[in-house]
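Structural overview
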Amino acid sequence: MTRILRCAACARRIKSHQPHSGVEDLETGEEFSYHARPDCQIRCAEETATRLEAGKVYAMHHYHSSTCPDEAPGFGCAGGCFDTPMVVAN
Ligand SMILES: [Zn+2]
Ligand SMILES: [Zn+2]
């Protein structure tokens, strides 16, 4: 089954090989997807903060590009999927 992902920020389609992030509502299992692009990620951070204030519980998922060379990718991966991290980590 192919699930068509749509970015919750820009409403455009997210292809499965593109890096993107998902915010999963742990109560309903519903997942909001966002492109890894900085403007969509900013929307993601804002919308997630709003939902968290409403008392929801979420799990964040990061889906890396299919060409990403990192075996256990995360922020700052070698493939540069999320080269503008939402969270400032030092
Ligand atoms: Zn987008
Ligand atoms: Zn990556």
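Scoring rules and cut-offs
Residues numbered from 1 in each chain as written. Chains lettered and ligands numbered in written order. Predicted model: local features only at pLDDT ≥ 70, side-chain atom pairs only at ≥ 80, totals over all residues. Heavy atoms only, no water. Pairing = 2+ DSSP bridges. Helix = DSSP H or I, 4+ residues; strand = E, 2+ residues; numbered from the N terminus. Axes fitted to C-alpha atoms, helices over the stretch in contact; angles between N-to-C directions. Core = buried A, V, L, I, M, F, W, Y, C linked by side-chain atoms within 4.5 Å. Buried < 20%, exposed > 50% of the residue type's maximum accessible area, 1.4 Å probe, protein only. Contact = heavy atoms within 4.5 Å. Donors = N, O, S within 2.8 Å, 3.2 Å for Na, K, Ca; no water. Tetrahedral: all angles 85-135°; square planar, octahedral: opposite > 155°, others 65-115°.

Time to look at the sheet that holds strand β5 (residues 58-63). Across the sheet, which stays open at both edges, the three strands sit in the order β4-β3-β5 with antiparallel pairing between neighbours. With partners counted over all chains shown, the strands left at the sheet margins are β4 (31-35) and β5, one partner each. Between one strand axis and the next, the sheet turns by 20 degrees as a mean value, whatever way the strands run. Sheet topology places strand β3 (residues 20-25) next to β4; five bridges connect them, and they run antiparallel. Among the inter-strand pairings, S21 is bridged to a residue of β4, identified as Y34.

The next thing to look at is the nonpolar core. Ranked by size, the top nonpolar core spans nine residues in total: L5, C7, A9, I14, V23, Y34, C40, C44 and Y58. The residues touching C7, leaving out its near neighbours within four places in the chain, are R12, I14, S33, Y34, H35 and C40. Counting residues in each nonpolar core, the second largest holds five residues, with A36, C77, C81 and F82 among its members.

Attention now goes to the coordination of the zinc ion (ligand 2). Surrounding the zinc ion (ligand 2) are the protein donor atoms H64 (ND1), C68 (SG), C77 (SG) and C81 (SG), at 2.0 to 2.4 Å. For the zinc ion (ligand 2), the four donor atoms in the first shell make angles of 95 to 128 degrees at the metal, so the coordination geometry reads as tetrahedral. Between consecutive donor residues of the zinc ion (ligand 2), the sequence gaps follow H-x3-C-x8-C-x3-C. Highlighted residues: C68 in the segment after β5 and C81 in the segment after β5, separated in sequence by 13 residues. Both residues of the pair, C68 and C81, belong to the buried class.

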